[in-house]
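# An overview of the molecular structure
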Amino acid sequence: MITAFHTGFFLGLSLILAIGAQNAFVLRHGILQQHVFYIALFCAISDAALILIGITGISFLFNNFVGKFSNLIFGISSIWLLVYGIIRLRGIFRSHSEIDIKNSTVKKLAPTLATLCILTFANPHVYLDTVILIGSISQQFSGEYRIAYGFGASLASFVFFFSLAYGAKLLIPIMNNPNAWRIFDALIAIIMFLIAFELAVQAKWL
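Below: a short report on this structure.

Rules and cut-offs
Residues numbered from 1 in each chain as written. Predicted model: local features only at pLDDT ≥ 70, side-chain atom pairs only at ≥ 80, totals over all residues. Heavy atoms only, no water. Patch = residues over 30% accessible without salt bridge, like charges linked within 9 Å, V, L, I, M, F, W, Y side chains within 5 Å. Areas by Shrake-Rupley, 256 points an atom, 1.4 Å probe, with all protein chains shown as cover. Salt bridge = Lys/Arg side-chain N within 4 Å of Asp/Glu carboxyl O. Helix = DSSP H or I, 4+ residues; strand = E, 2+ residues; numbered from the N terminus. Buried < 20%, exposed > 50% of the residue type's maximum accessible area, 1.4 Å probe, protein only. Contact = heavy atoms within 4.5 Å. Axes fitted to C-alpha atoms, helices over the stretch in contact; angles between N-to-C directions. Parallel < 35°, antiparallel > 145°, perpendicular 65-115°, else oblique. Left-handed = near helix turned anticlockwise from the far one by under 90°. Nonpolar A, V, L, I, M, F, W, Y, C, P; charged D, E, K, R; others polar. Polar contact = N/O pair within 3.5 Å; in protein donor to acceptor, adjacent residues only side chain to side chain. Core = buried A, V, L, I, M, F, W, Y, C linked by side-chain atoms within 4.5 Å. Expected span 1.5 Å × (residues − 1).

## Description of a nonpolar patch on the surface
A cluster of nonpolar side chains, namely Ile-79, Val-83, Ile-87, Phe-197, Val-201, Trp-205 and Leu-206, defines an oily patch on the protein surface of about 670 Å² accessible area. Looking at the nonpolar patch, the elements that each hand over two or more residues are helix H3 (36-90) and helix H8 (178-202). For the nonpolar patch, the leading source of residues is H3, giving 3 residues. Along the polypeptide, Phe-197 turns up in helix H8.

As C-alpha cells, this is what we get:
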C-alpha cells in the first residue's frame, strides 16, 4: 500500500511542477497576498476531483471524448491563454513607477476564482494529466491500493499548491521593485503565449 501511495504522490507531484497558466496565477496572487488560502484550496480540490474521476475508471470514456473534440478544445483554450497573456503583457507598460504590494487593489474573491476556474478547466492538459494519465495508471491497482494511490496523487496537489501560494511571500522583498513586477509579468505572458501556441498547433490551427 505504501508503494501505491508513493507512486501516486510522486507521479502527481511531477505532473504539476512545471510552471503553467494555473501555477503562474497562484504564484502571482501569493506574492500579492490576495485570497491565498482560497486559491490554493480551489486548485488542490480541483485536482483531487479530477483524479477521483480518473481512478474510478471514467478515464477511458473521457479519453474517447477528448479524441473526438480535441481540435476544438485545444483551439478555444489557446485563444483564452492568448488573451490572458495579453492582459499580463499590458502590466509591463503601466505608467506607475511603484507597486505597493501591501496596499495593492484587492479584487473580489468571486471574479478571482472565476478566472482561476477558466485557467484550470479550460486547459486540456489538466485532463490529460489527471483524468487520463493518473487515471490510467491507477488501473494497475485495485481495492485499498487504488485508494492509497489516489490519496497520494491528491495529497501531492495539496502540498504543491499550498507550498507555492504561501511560499510566494518569500519573493515579496524582490517584487516591491516595479521593474521586478514588469519582468515577472513578461515571463507569465511568455508562458501563456508558448502554451497557447502549443495548443493551437495541436488543434491544427497553425
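## Let's talk about unusual backbone geometry
Unusually for a residue other than glycine, Gln-33 sits at a positive phi of about 60°. The residue Gln-33 is located in the loop between helix H2 (21-32) and H3 in this model. You can call Gln-33 partly exposed: its relative accessible area is 42%. Even without a glycine there, the phi angle at His-35 is positive, about 50°. Among the secondary structure elements, His-35 is positioned in the loop between H2 and H3.

## Examining the environment of Tyr-84
Its location among the elements puts Tyr-84 in helix H3. Distance from Tyr-84 to Phe-193, taken between C-alpha atoms, is 8.9 Å for residues 109 residues apart in sequence. In this view, Tyr-84 contacts Phe-25, Thr-115, Leu-119, Ile-188 and Met-192; residues no more than four positions away in its chain are not counted.

## Comments concerning the packing of H2 against helix H4 (residues 109-121)
In contact at an axis separation of 8 Å, H2 and H4 are set at 155° when each is read in the N-to-C sense. The pairing of H2 with H4 is recorded here as roughly antiparallel in orientation. For the pair H2 and H4, the sense of crossing is left-handed. Contacts between H2 and H4 involve Ala-21, Gln-22, Phe-25 and His-29 from the former and Thr-112, Thr-115, Leu-116, Leu-119 and Thr-120 from the latter. Split by residue class, the contact of H2 with H4 holds 4 nonpolar, 5 polar and no charged.

## Side note on the side chain of Ser-138
With respect to the helices, strands and loops of the structure, Ser-138 is situated in helix H5 (residues 124-138). A polar contact is formed between the side chain of Ser-138 and the backbone oxygen of Gly-135, at a distance of 2.5 Å. Excluding residues that lie within four positions of it along the chain, Ser-138 makes contacts with Gly-54, Ile-55, Arg-146 and Tyr-149.

## Here's the deal with the nonpolar core
Core analysis: the largest hydrophobic core is formed by 34 residues, its most contacted members being Val-26, Leu-81 and Met-192. If you list the elements that add at least two residues to this core, you get helix H1 (2-16), H2, H3, H4, helix H6 (144-167) and H8. Beyond its immediate stretch of four places on either side in the chain, Met-192 contacts Gly-20, Ala-21, Ala-24, Leu-81, Tyr-84 and Gly-85. Of all hydrophobic cores here, the second largest spans 10 residues; its members include Phe-5, Leu-11, Ile-134 and Phe-141.

## Overview of H8
Taking 1.5 Å of rise per residue, the 25 residues of H8 would be expected to cover 36 Å, and the 36 Å separating its terminal C-alpha atoms lies within 8% of that figure. All of the buried residues in H8 are Pro-178, Ala-180, Trp-181, Phe-184, Asp-185, Ile-188, Ala-189, Met-192, Ile-195, Ala-196, Leu-199 and Ala-200. Lys-204, located one to two residues past H8, shows a positive phi value of around 65°.

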